[in-house]
Amino acid sequence: PERGGRRMLVLRDAMTGKQLGTANSYVSHRNRSHVFGLDSVFTVARKQSAWHLHRLDLVDWQNYVIDDDVRGKHFVDLFLSPSARYLLEGDFEDDGAVLYHLADGGAHKLPVGFLAAGQFGEELALTTSDTSRLGLRAWSTKTGELFAALPCGKGKRITQAGSLLGGKAMWFQWWVAAKGNTIVRHLEVVVLGR
């Protein structure tokens, strides 16, 4: 609607046009209630009488609730810092703003290990992409920002990871449920930066 209302943000692959993910958003007149980060889109959406702050992960395409009771209640504005470490939320009708610290990547990730400095020049902290342990991400220990989503872990339930050859290679352990309620564990070794 011209004066605002519920919106659906649809993200598509630029090459194929395939829909990759969606996020609920609410626009009040011309106020922008979504911002893009390094690996996320943040939106504010109204759910009954409450406003929720969401994060759409651009790697696993899942939506996560960051705050289920956003302070602003009408003209909600979002601003993301240049480093994508902080998110500022405010409402021009109210005094004050809320600062969300995003440097740790959010509470939905589980730590699995570290990768030695090697060719990257710094140690990288390794986490899963979400609480189901799917996927593998590397985070800068200097800035706290996402360094890379590692394609080798995509769709795998990862429990541990670590360095080999001084950071030139890595290993990670993952598991899958098999017949008869058994669990099959896998160990993969990946050479980095060939």
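Above this text you will find the structure in question.
Below you will find a few notes about this structure. (Residues numbered from 1 in each chain as written. Predicted model: local features only at pLDDT ≥ 70, side-chain atom pairs only at ≥ 80, totals over all residues. Heavy atoms only, no water.)

Quick word on the overall build of the protein
Short version of the rule: A run of H or I in DSSP becomes a helix once it reaches four residues, and a run of E becomes a strand once it reaches two; helices and strands are each numbered from the N terminus. By definition, residues are in contact when any of their heavy atoms lie within 4.5 Å. Areas reported here follow the Shrake-Rupley algorithm with a probe of radius 1.4 Å; residue values treat only the protein chains shown as occluding.
Of the regular secondary structure elements, the protein holds zero helices and 16 strands. Counting only contacts in the protein whose residues sit at least 6 apart along the sequence, the fraction spanning at least 24 positions is 32%. Accessible surface for the protein amounts to roughly 11100 Å². Of this, 54% is attributable to carbon and sulfur atoms.

Quick look at the sheet that holds strand β14 (residues 157–164)
Condition: A pair of strands is labelled paired if DSSP reports no fewer than 2 bridges between them. In this analysis, axes come from line fits to C-alpha atoms, helices being fitted only over the stretch in contact, and the angle between any two N-to-C directions falls in the range 0 to 180 degrees.
The three strands are arranged β14-β15-β16 in an open sheet whose pairing can be described as antiparallel. Looking at strand neighbours, the two that pair on one side only are β14 and β16 (182–191), the edges of this open sheet. Averaged over all neighbouring strand pairs, the angle between strand axes comes to 20°, with direction disregarded. Alignment of strand β15 (residues 169–178) against β16, held across ten bridges, turns out to be antiparallel.

Description of a nonpolar patch on the surface
We apply this condition: Excluding any residue in a salt bridge, patches collect residues exceeding 30% relative accessible area, merging like charges within 9 Å and nonpolar Val, Leu, Ile, Met, Phe, Trp and Tyr side chains within 5 Å. Salt bridges, as used here, are contacts in which a Lys or Arg side-chain nitrogen is within 4 Å of a carboxyl oxygen on Asp or Glu. Partly exposed describes any residue whose relative accessible area lies between the buried limit of under 20% and the exposed limit of over 50%, with all areas from a 1.4 Å probe on protein chains only and scaled to the type maximum.
Among the surface-exposed residues, Phe-79, Tyr-86, Leu-88 and Leu-99 lie close enough to one another that they form a single nonpolar patch of about 370 Å² accessible area. With respect to the helices and strands, Phe-79 occurs in strand β7 (residues 76–80). Residue classification places Phe-79 among the partly exposed positions, given a relative accessible area of 44%.

Quick look at the sheet that holds strand β6 (residues 63–67)
The sheet built from four strands is open, its strands ordered β3-β4-β5-β6 with antiparallel pairing. In the strand order of this sheet, the two ends are held by β3 (34–36) and β6, each with one partner. Ignoring which end each strand starts from, the neighbouring axes of this sheet average 25° apart. Pairing analysis gives four bridges linking strand β5 (residues 50–57) to β6, with the strands arranged antiparallel.

Quick notes on the pattern of salt bridges
Using the criterion set out here, one finds four salt bridges in the structure. One salt bridge connects Asp-57 with Arg-55, and the closest N-O pair in it is separated by 3.0 Å. On the basis of relative accessibility, which here comes to 0%, the residue Asp-57 falls in the buried class. Ionic contacts of the salt-bridge type, sharing partners, join the residues Asp-39, Arg-55, Asp-57 and Arg-137 into one network.

Here's the deal with the pairing of β5
Most of β5 is tucked away: eight of the eight residues are buried. Across the two faces of β5 the burial is the same, with Ala-50, His-52, His-54 and Leu-56 and Trp-51, Leu-53, Arg-55 and Asp-57 all buried. Pairing of strand β4 (residues 40–47) with β5, which is carried by eight bridges, proceeds in the antiparallel orientation. Of the residues in β5, the one forming a bridge with Phe-42 is Arg-55. The hairpin formed by β4 and β5 contains two residues between the paired strands, and Gln-48 there has a positive phi angle of roughly 55°. The loop that links β5 with its antiparallel partner β6 comprises five residues; one of these, Trp-61, has a positive phi angle of about 60°.

A short note on the environment of His-54
With respect to the element layout, His-54 can be found in strand β5. Taking the C-alpha atoms as reference points, His-54 and Val-41, separated by 13 residues in sequence, lie 8.1 Å from one another. Apart from the residues lying within four places of it in its own chain, the contact partners of His-54 are Val-41, Phe-42, Thr-43, Ala-45, Tyr-64 and Val-65.

Section: the environment of Lys-168
Note on placement: Lys-168 falls in the loop between β14 and β15. Spatially, the C-alpha atom of Lys-168 lies 6.3 Å from that of Val-191, the residues being 23 residues apart in sequence. If sequence neighbours within four positions are ignored, Lys-168 has contacts with Val-191 and Leu-192.

Structural measurements only, silent on function.
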